[in-house]
Amino acid sequence: MGGIGVLSVVGIGADGLVGLAPAARAELDRAQVVIGAARQLALLPEEVTAERVAWPSPLVPAIPGLLDRYRDRVLCVLASGDPMFHGIGTTLSRYTEVRVWPHPSSVSLACARLGWAVEEVAVVSAVAKPVERLHAVLHPGRRVLVLSANGSTPAAVVALLRDRGFGASAVTVLQELGGPGERIGTDLDGVSPLNVVAVDCVADPGARRLPRVPGLPDDVYEHDGQITKREVRAVTVSSLAPEPGQLLWDVGAGSGSVGIEWARTHPACRVIAVEPRDDRADRVARNASALGVPGLVLVRGAAPAALDGLEPPDAVFVGGGVTAEGVLSACWAALRPGGRIVVNAVTLESEVLVARWHGEVGGTLTRLSVGRAAPVGGFTGWRQAMPVTQWVAVKEQA
């Protein structure tokens, strides 16, 4: 693979060669081998004499072998639109150095047709990903583009909007943008696999508003009582201090609420939720899907054994199973240098444990107490929830 040199990646639109800049066309002309999807290769006329190789399925595992096979030949890869925007160019850059000739992306073309400002549009990819990711970006007045490679996606988007209380939203389907078969409209029948779904979000009367900041109402979650309550959850996610691209272990996930709200803070935030009970694990998966983060990774098993072999985390939250032998030791050992651990203790036994860890490695201890107004006879008084002792510590840099 070392002989491949700089790999050329050319973005191409539905208009084929006529839409390519001269430099991009020159790359195709000098190529001895062109790799791409079958529909992309079909856009090339006979005058492009290079050997044509269609990507196999699954694609990603095949990349190293293909690069090695053609390392002694001039190789060019075709991509849809902008190769570095949800495209093959990003994947290839993990294996070799790439030089990219981008074409206008489907997002740019869709915004141009609709008169929308690109920088003000939320983009959700439903290409080989669950359409439920749309839940996380539905807010009144927002504009959203859903990228698709399946003709059934527009109907799925409309159904999701209706079920979520955004059925009044204007939905436009843009098909085969930039090509001779371009169509723009609202028809959901016979949709081309090459489509973008534009949503101008309008909330129905009484629709539930779900902000991205932590502290969603408890009743948006399916749970059996094993849930970090709203006010404590908001403090917990704040204490975990999520940053884009970071990975959280949510150990003893229960309903998954903390991990889900970590993931909702930014699309690049990742979560591994560890839960030993199958019924609760099933709820975590359903809650993650319903709240727009279906990419949450679920590990069914009890810590610490279930933690073996997992990617080291940037942050750890331990909500359930705090007192289980070896759980905190395993979490602390796996935590990346500079990472944070947050433990919520409710029982005396768990308080004793976090106090000992606080004495050994430092950090902060905070007592959280929440009272809610409730009827007391014919009057109103305060009902106190069980207090929570929260231990937060940052692992020193190596």
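What comes next is a walk through the structure. Just so you know, these numbers come straight off a predicted model, no measurement behind them.

Structural notes on the packing of aromatic side chains
Summed over all chains, the structure comprises three aromatic pairs. Summarising the aromatic geometry, the rings of W357 and W391 are spaced 6.1 Å apart at their centres and angled 45° between planes, so their arrangement reads as tilted. Here W357 is found in helix 11 (residues 348–361), whereas its partner W391 is found in strand 19 (residues 388–394), with 34 residues between them in sequence. Neither W357 nor W391 differs from the other in exposure class; each is buried.

Description of the sheet that holds strand 19
Taken in spatial order, the seven strands make up an open sheet running 13-12-11-14-15-19-16, and their pairing is mixed. Of all strands in the sheet, those bounded by a partner on one side alone are strand 13 (297–300) and strand 16 (364–368). Shown here is a sheet whose adjacent strand axes are inclined to one another by a mean of 15°, direction ignored. Across five bridges, strand 11 (residues 247–251) lies against strand 12 (residues 270–275) in parallel orientation. Following the sheet pairing, D250 is matched in strand 12 by A273.

Describing the packing of helix 7 (residues 230–240) against helix 8 (residues 257–264)
Taken N-terminus to C-terminus, the directions of helix 7 and helix 8 make an angle of 55°; their axes are 10 Å apart at the nearest point. With respect to helix 8, the element helix 7 is oriented oblique. As helix 7 packs across helix 8, the resulting crossing turns out to be right-handed. The segment helix 7 lies against helix 8, with R233, T236, V237 and L240 engaging S257, V258, E261 and W262.

What to know about the packing of helix 10 (residues 327–334) against helix 11
At a closest axis distance of 12 Å, the pairing of helix 10 and helix 11 adopts a crossing angle of 35°. Here helix 10 and helix 11 pass one another in a crossing that is right-handed. Listed contacts from helix 11 to L328, S329 and W332 of helix 10 are L353, W357 and V361.

Remarks on unusual backbone geometry
Looking along the chain, the bond that leaves S57 and enters P58 is cis, with omega of 0°. Following the sequence through the fold, P58 ends up in the loop between strand 3 (51–54) and helix 3 (63–69). Geometrically, the link from A303 to P304 is a cis peptide bond, its omega value of 10° lying close to zero. Considering the arrangement of structural elements, one finds P304 in the loop between strand 13 and strand 14 (315–318). Here the phi dihedral of H86 falls at roughly 55°; this positive angle occurs in a residue that is not glycine. Along the polypeptide, H86 turns up in the loop between strand 4 (75–80) and helix 4 (88–92). For E176, which is not glycine, the phi torsion reads 50° and is therefore positive.

What to know about the pairing of strand 14
Going residue by residue along strand 14, you find A315 and F317 tucked away on one face and V316 and V318 tucked away on the opposite face as well. In this sheet, strand 15 (residues 340–345) lies alongside strand 14 in parallel orientation, the contact comprising four bridges. When the bridges of strand 15 are listed, A315 appears paired with R340. Handedness of the β-α-β unit built from strand 14, helix 10 and strand 15 comes out right-handed.

Here we look at the sheet that holds strand 5 (residues 98–101)
The strand order across the open sheet built from five strands is 3-2-4-1-5, with neighbouring strands paired in parallel fashion. For this open sheet the edge positions go to strand 3 and strand 5, each flanked by a neighbour on one side alone. Each strand axis lies, on average, 25° off the axis of its neighbour in the sheet, ignoring direction. Of the strand pairs in this sheet, strand 2 (residues 33–36) and strand 3 are connected by four bridges, and their pairing is parallel. Residue pairing for strand 3: I35 is matched across the bridge by V53.

A word on helix 8
Where burial is concerned, most of helix 8 is hidden: eight out of the eight residues are buried. Among the structural elements, helix 7, strand 11, strand 12, helix 9 (278–290) and strand 14 are those in contact with the buried residues of helix 8.

Section: the environment of G81
Inspection of the secondary structure puts G81 in the loop between strand 4 and helix 4. Taking relative accessible area as the criterion, G81 reaches 9% and is therefore assigned buried. Taking the C-alpha atoms as reference points, G81 and T186, 105 residues apart in sequence, are found 23 Å from one another.

Some points on helix 9
Since there are 3.6 residues in each turn of an α-helix, residues three or four apart along the chain are aligned in direction. The terminal C-alpha atoms of helix 9, which comprises 13 residues, lie 18 Å apart, in line with the 18 Å expected from a rise of 1.5 Å per residue. By the burial criterion, the buried members of helix 9 are R280, A281, R283, V284, N287 and A288. Seen end-on, helix 9 carries its buried residues on one side only, within an arc spanning 155°. On the buried face of helix 9, the contacting elements are helix 8, strand 12 and strand 13.

Observations concerning the environment of C76
Mapped onto the secondary structure, C76 falls in strand 4. The class of C76 is buried, set by a relative accessible area of 1%. Each C-alpha atom, one on C76 and one on L28, is 6.7 Å from the other, the two residues being 48 residues apart in sequence. When sequence neighbours within four positions are dropped, the list of residues in contact with C76 reads S8, V10, L28, A31, V33, V34 and I35.

Criteria and thresholds
Residues numbered from 1 in each chain as written. Predicted model: local features only at pLDDT ≥ 70, side-chain atom pairs only at ≥ 80, totals over all residues. Heavy atoms only, no water. Phe/Tyr/Trp six-rings, centres within 6.5 Å; stacked < 30°, edge-to-face > 60°. Helix = DSSP H or I, 4+ residues; strand = E, 2+ residues; numbered from the N terminus. Buried < 20%, exposed > 50% of the residue type's maximum accessible area, 1.4 Å probe, protein only. Pairing = 2+ DSSP bridges. Axes fitted to C-alpha atoms, helices over the stretch in contact; angles between N-to-C directions. Parallel < 35°, antiparallel > 145°, perpendicular 65-115°, else oblique. Left-handed = near helix turned anticlockwise from the far one by under 90°. Contact = heavy atoms within 4.5 Å. Right-handed = clockwise from strand over helix to strand, strands pointing away. Expected span 1.5 Å × (residues − 1). Arc of directions from axis to C-beta.

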